[in-house]
Amino acid sequence: MDEPTLLPEPIPAAPVVEPPAPPDHAVEAATDAKPQGEPEPEEEPHRRRRKLVLLLLLILIALVGLFGLWYAIYRKPASEFLPTLTQQIPPHYLYSIYGATQPVGVAVTPDGSRVYVSESGGTSLVKVFDAKGAQLGVLKPPNDNKMHQPVYASIDPQTLEVYVTDRPTGSIYIYDASGKFVRSYTPADPIKNWQPIGMAFAPDGSLWVTDVSDPFHRVEQFDRQGALLRTIGTAGQLNFPNGVAVSAAGDLYVTDSNNGRLLVMDGQGRPLASIGRGTGEGMLGLPRGVAVDDAGRLYVVDTTGQTVHRYLTRPDGKPEPKFLDDLGSPGAGDGQFQYPNDVAVDTRGHVFIADRENNRVQVWGY
Amino acid sequence: MRRLALLLAGAAVWLLLAVPVFADNGPHHAGAGATPDSCAGCHRAHTGVGANLLNQSSETALCTSCHGDTSTGSSENVMGGVAYNGTTGALRGGGFTDAALDVTLANSVSGNPGGTAGIAVLGTALASNSKHLVDTSGTLWGNGALGTTGAGGAVTITCTSCHDPHGNGNYRILRSTPNVTGASGIVTIADAATHTYTTTDYWHPEDTNDAAYIANVSAWCSTCHTRYLAASGLIPERTTSTDAIFTYRHRTDGAGGPTDNLSYQSPQFTPTCVQCHVAHGSNAANVGPNSQAVPWPGTTTARATDSSLLRINDRGVCQKCHKR
C-alpha cells in the first residue's frame, strides 16, 4: 500500500505592513509636479554643469590661443618661465649673421626684428639686418667725412631710435627705426674732444656713456636733452672704459677694459662690487661689450679670452654677479669666437655677439 | 654715525675704482705695466693657442684689438693712421689701411730745412698706397752687407717684429733689434717724456721733438735695410759702395751737415729714413710717369702705384730740401 503523498504545509502569509505616511512637504511636491513632456527635475543642474564646463573650455582654448599668438610674436623660450632652470641651462649656438667685416658693435631691437652691426673693416658703417640675417641697409652718417668710424650702437627703448657712437668725430648719431639719420646727440655743455664709446639707457630714460677723452677716462650720465647729470671716474681710475649696461633694477655695469675688470654700481654711480682680471672662473682679460637681459642674466665679452662670460645679477640680493658659465671657445667654427667684441640681447632670450675676426655676428639662444 | 657711513662709502669708492693706470694708457710699460695678473690678458701657461703661449692664434689680431680701426683700447689707430689723444690727427707713421697725411707738395713744404714749420695733415684719411706688409711675405729690401747678391731676401713680419709688447723703455716700444731673421745690431732709442705721435711739426728735417729718435732711427731701420744706411762723411752720392744694386746712395745717417754742399737749401740738413718715409703706410700716390716708372731695386719692374712709403706724392720729398 502506497504511502499517501505528503503535501507541504502551507506557508503562512506575510503580514501586511502599511507604508508610512509621507511628510507634508512631499505631499506638496507631489501636488506641484509638472505635467508630462517637461524636463525631468534632475536635468537642470546637469545643464548648468555642462555650460560651466563649456565656458571653462572656451576660456582655456582662448588662453592657449593667446599664448600661441604671444609666442609667435615674441618667441620667448619656455625656460624663461622657469628662471631657476634657466640659470642651470646655458644658451646654445643658433646661427650666424654674415655680411659685416670685422664687426665690433652689435645692437638689437627688443623684439629681435632688427640687428645693427658696426663694422670696423669694410665700409666702416653700421649695417642693418633682419632677424634671419638678411641685410636691409646701412646707417649713413650725416656727412661725407671719411673719418667716421662707428663703434657701438644702442636702441632707445622709448623711441626705438638707434644711437651710434662715432669716436673720431666725437659724436653720437641718432637714426629712426627706418634707418634715416635724425639728429646728433650732443652734450648740452660741449666736452672738448669728446670720445664716446659705449652707451646704455637707464630705466628713467637717461643715457650712460663711456668716454675716453682727455684729461681722464670716465662714465657720464646725460638726461634726454644732453644735460650732464653725473660723472664717474677721476684721474687714474678708469682705463679705457668700454661697455656699459643697466639692469632692470637700475644697477650699472661698466667694463673698465684696460684695467681688466667689471665694475658694478648703483643707479647713482656708487660702487657696489667688481670682478677683476685673471684666469679663474668668471675672471676677466680684456672685457669689452656688456649686456643684461630681462631675466637678470649678465653677459660680458672677454675679447682676449675669446669668450662671453655669463653671470647672474643680484644673486640672493647681493650686488656681485654670480658666475654661471662661458659661451664658446677660441676658433672659427660654429659657436667659437675670434676676438668677440660686443654683445646684445633681445626680450626673446636671444644673445647676439659681434665675433670680430670671424666676420660675423653669432646668435645664441636658450 | 652718518660721518662714519660717509667715510666708509668714500673708502669703498677708492678701493673699487682706484687702480694705477699707465702713463700711455697701455699695458706696454716695462716693470710698472707688468702687474702679477696682467700676463693672463694675453698668455696661457699650459693652454696657449698661438706661439709664445698666446691665448689666441693671431698675434696681429691681438694687437688690433686695441690699435685697430675702432681702437677702443688705445688712442693710436695704426690701421686707420689716426690718433685720438688730444686733437685727432694723423699718426706720424701713417696707417696700414688708411693714412691722413697731407701728401701734396704745396702743403707739405711749408718751411726751409732748419725752419720751424711742420707738415699739414688731412681732416680725413685716405687709402694707403704703400705699406709695410704684415703677416704676408715680402722682400726685405737692402738686407745684408754691401755686396750681398740680390736686393734682399723674403721675410714675413708682424707687429712684434718691430715692437716689444711688454715694453722695454724704448721710444714707441721699438725693439732694440727688430725681431726679424737677418737683423743685427742693437739700437737704443730712449723713450721720451712726452709722446707726440701726430704729424704736427714732425717731418721737419730739424725736428727736435724727439732728438734721440731722430739721431738713431736710421741706424734702427738699417738693422734690416742694411744697405740703405749711408754715412754722410763718405759723400755716398758720389762714392761707390761697390754693391751691385745699392751703388750710389743718398746719405741717410742723420749724422750732421754734409761735407759737400750738393745744392742743399741749408747746410743744417741731417737726413734720416723717417724724414722721407713712414713706417706703417702712406696715402701718398705715384701720379707722374717718372715716379711710376721707378723700378724695384735690382729689377726692371716698375712700382706703378706703390708709393714706397714716401710722405709726399711722387718724389715730392726731394723738393723739401732740394728746391729747384
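J.: Provide a residue-level description of the sheet that holds strand E1 (residues 76–77) of chain B, including the pertinent values.
T.: Residue and element names in this part refer to chain B. Taken in spatial order, the 3 strands of this open sheet run E1-E2-E3, and their pairing is antiparallel. Unpaired on one side and paired on the other, E1 and strand E3 (89–90) mark the two borders of the sheet. Here strand E2 (residues 82–83) pairs with E3 via 2 bridges, running antiparallel. Bridging from a neighbouring strand, Val-82 pairs with Ala-90 of E3.

J.: Tell me about the pairing of strand E3 (residues 114–119) of chain A, residues and numbers included.
T.: Residues and elements named next belong to chain A. Most of E3 is tucked away: 5 of the 6 residues are buried. Bridge analysis of strand E2 (residues 103–108) against E3 gives 5 bridges, and the strand direction is antiparallel. Residue pairing for E3: Val-106 is matched across the bridge by Val-117. In this structure, the hairpin formed by E2 and E3 is closed by a connection of 5 residues, where Gly-112 is found at a positive phi of approximately 80°. Here E3 folds back onto strand E4 (residues 126–130), and the loop between the two strands holds 6 residues, one of which, Gly-122, carries a positive phi near 55°.

J.: Can you lay out helix H5 (residues 211–221) of chain B for me, pointing to particular residues and giving the numbers?
T.: Residues and elements named next belong to chain B. Taken together, the buried positions of H5 are occupied by Tyr-213, Ile-214, Val-217, Ser-218 and Trp-220. With its buried residues spanning 160° around the axis, H5 presents them on a single face. On the buried face of H5, the contacting elements are helix H4 (159–162) and helix H6 (273–276).

J.: So what about the side chain of Thr-303 of chain A? Which residues, and what values?
T.: With respect to the helices and strands, the residue Thr-303 of chain A is situated in the loop between strand E19 (297–302) and strand E20 (307–312). Exposure remark for Thr-303 of chain A: the relative accessible area of 0% places this residue in the buried category. The contact partners of Thr-303 of chain A, leaving out residues within four places of it in the chain, are Leu-286, Arg-288, Tyr-339, Pro-340 and Asn-341 of chain A together with Ser-65 of chain B.

J.: How would you sum up a nonpolar patch on the surface? Please name residues and give values.
T.: Residue and element names in this part refer to chain A. On the surface, a nonpolar cluster with roughly 700 Å² of combined accessible area is contributed by Leu-52, Leu-55, Leu-56, Ile-59, Leu-63, Leu-66 and Leu-69. Mapped onto the elements, Leu-55 comes out in helix H2 (residues 43–74). Among the residues examined, Leu-55 registers a relative accessible area of 47% and is labelled partly exposed.

J.: So what's going on with the pairing of strand E12 (residues 218–222) of chain A? Which residues, and what values?
T.: Residues and elements named next belong to chain A. Burial runs high along E12: 5 of the 5 residues are buried. Residues of E12 alternate between two faces, with Arg-218, Glu-220 and Phe-222 on one and Val-219 and Gln-221 on the opposite face, all of them buried. Here strand E11 (residues 207–211) pairs with E12 via 5 bridges, running antiparallel. Residue pairing for E12: Val-209 is matched across the bridge by Glu-220. For E12 and strand E13 (residues 228–232), the ladder comprises 4 bridges, and the chain directions are antiparallel. The residue of E13 that forms the bridge with Phe-222 is Leu-228. Counting the residues between successive antiparallel strands, the hairpin from E12 to E13 contains 5 residues, one of them, Gly-226, with a positive phi of roughly 95°.

Thresholds, definitions, all that
Residues numbered from 1 in each chain as written. Chains lettered and ligands numbered in written order. Predicted model: local features only at pLDDT ≥ 70, side-chain atom pairs only at ≥ 80, totals over all residues. Heavy atoms only, no water. Pairing = 2+ DSSP bridges. Helix = DSSP H or I, 4+ residues; strand = E, 2+ residues; numbered from the N terminus. Buried < 20%, exposed > 50% of the residue type's maximum accessible area, 1.4 Å probe, protein only. Arc of directions from axis to C-beta. Contact = heavy atoms within 4.5 Å. Patch = residues over 30% accessible without salt bridge, like charges linked within 9 Å, V, L, I, M, F, W, Y side chains within 5 Å. Areas by Shrake-Rupley, 256 points an atom, 1.4 Å probe, with all protein chains shown as cover. Salt bridge = Lys/Arg side-chain N within 4 Å of Asp/Glu carboxyl O.

Taken by themselves, the reported measurements are silent on function.
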